[in-house]
Amino acid sequence: MAKPWFITGCIFAMLAVAAGAFGAHALGPRLTSAQLATYETAARYQMYHALALFVVAWAVTQWPAAPLLTWSGRFFVAGILIFCSTLYTIALGGPRWLGAITPLGGLCFLLGWATAAVAVFRAQSQR
């Protein structure tokens with residue numbers, strides 16, 4: 001089960017690097033400073049949570065009987081898709097009402113970290 005999380009983390013990390021480079025080189029002169037800051041926040045959180053997927057991949061190898069780790073990975077993916085994509089869209093001039101959806105992605109990030117902690121806590125206490 002570690003392999004899919006590792007690969008997904010690699011894909012999201014690669015896309016975060018590409019988005020960051022695109023933002024810095026192609027969008028920098030075209031966006032306002034507020035739009036650029038929003039775009040950079042999306043790329044930064046995408047990278048943080050791509051790395052979190054590597055943590056999930058590693059944790060699955062340590063505690064393979066911890067089903068909440070799968071949920072943790074799912075929450076991180078959902079968070080990237082919701083939080084980051086809405087911020088990218090807003091930064092590029094998309095509808096501002098998407099800002100009302102963005103916190104749901106943040107909630108997914110929080111749930112991802114919480115479920116990872118609970119999964120490992122439970123796995124440790126079973127040893």
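Details of the structure are given in the entry above.
Just so you know, these numbers come straight off a predicted model, no measurement behind them. (Residues numbered from 1 in each chain as written. Predicted model: local features only at pLDDT ≥ 70, side-chain atom pairs only at ≥ 80, totals over all residues. Heavy atoms only, no water.)

Draft legend 1. Main features of the environment of Trp97. Note on placement: Trp97 falls in the loop between helix H3 (68–91) and helix H4 (102–125). Accessibility expressed as a relative area gives 57% for Trp97, which makes it exposed. Along the primary structure Trp97 and Thr86 are separated by eleven residues, whereas in three dimensions their C-alpha atoms are 9.6 Å apart. (Helix = DSSP H or I, 4+ residues; strand = E, 2+ residues; numbered from the N terminus. Buried < 20%, exposed > 50% of the residue type's maximum accessible area, 1.4 Å probe, protein only.)

Draft legend 2. Here's a closer look at the packing of aromatic side chains. Evaluated as defined, the whole model comprises nine aromatic pairs. Taking the centre distance of 5.6 Å and the plane angle of 90 degrees together, the rings of Trp58 and Trp63 count as edge-to-face. Relative to Phe75, the ring of Trp71 lies with its centre 5.9 Å away and its plane at 40 degrees, an arrangement referred to as tilted. Of this pair, Trp71 and Phe75 both sit in helix H3, four residues apart, which is roughly one turn of the helix. Among the aromatic residues, those joined into a ring-pair cluster are Tyr45, Tyr48, Phe83 and Phe109. Just above the ring of Trp71 sits the side chain of Arg74; from NZ or CZ to the centre is 4.7 Å. (Phe/Tyr/Trp six-rings, centres within 6.5 Å; stacked < 30°, edge-to-face > 60°. Lys NZ or Arg CZ within 6 Å of the ring centre and 35° of its normal.)

Draft legend 3. Spatial organisation of a nonpolar patch on the surface. Together, Phe6, Ile7, Ile11, Met14 and Leu15 make up an exposed nonpolar region whose accessible area comes to about 480 Å². Tracing the backbone shows Ile11 in helix H1 (residues 2–27). (Patch = residues over 30% accessible without salt bridge, like charges linked within 9 Å, V, L, I, M, F, W, Y side chains within 5 Å. Areas by Shrake-Rupley, 256 points an atom, 1.4 Å probe, with all protein chains shown as cover. Salt bridge = Lys/Arg side-chain N within 4 Å of Asp/Glu carboxyl O.)

Draft legend 4. The arrangement of H1 in detail. Helix length check: H1, at 26 residues, gives a terminal C-alpha distance of 36 Å against a target of 38 Å (1.5 Å per residue), a fit within 8%. Among all positions in H1, only Ala2, Trp5, Gly9, Phe12, Ala13, Ala16, Ala19, Gly23 and Leu27 are buried. Looking at the buried residues of H1, the elements they touch are helix H2 (33–62) and H3. (Expected span 1.5 Å × (residues − 1). Contact = heavy atoms within 4.5 Å.)

Draft legend 5. Summary view of the nonpolar core. By size, the foremost hydrophobic cluster in this structure holds 32 residues, and its most contacted members are Trp5, Leu53, Leu69, Cys84 and Tyr88. At the level of elements, H1, H2, H3 and H4 are the ones that each hand at least two residues to this core. Take this core: its biggest share by element is eleven residues, from H2. Those residues in contact with Leu69 that lie beyond four places of it in its chain are Val56, Ala59, Val60, Trp63, Ala116, Ala119 and Val120. (Core = buried A, V, L, I, M, F, W, Y, C linked by side-chain atoms within 4.5 Å.)

Draft legend 6. Structural detail: the environment of Leu111. Counting through the fold element by element, Leu111 comes out in helix H4. Here Leu111 falls in the partly exposed class, since its relative accessible area comes to 34%. For the pair Leu111 and Arg74, spaced 37 residues apart in sequence, the C-alpha to C-alpha distance is 9.7 Å.

Draft legend 7. Representation of the packing of H2 against H3 within the structure. As a packed pair, H2 and H3 sit with axes 9 Å apart at the nearest point and diverge in direction by 170 degrees. Judged by the angle between their axes, H2 and H3 are roughly antiparallel. Here the residues of the contact of H2 with H3 sort into 19 nonpolar, seven polar and no charged. (Axes fitted to C-alpha atoms, helices over the stretch in contact; angles between N-to-C directions. Parallel < 35°, antiparallel > 145°, perpendicular 65-115°, else oblique. Nonpolar A, V, L, I, M, F, W, Y, C, P; charged D, E, K, R; others polar.)

By themselves, these are just geometric observations and shouldn't be taken as functional.
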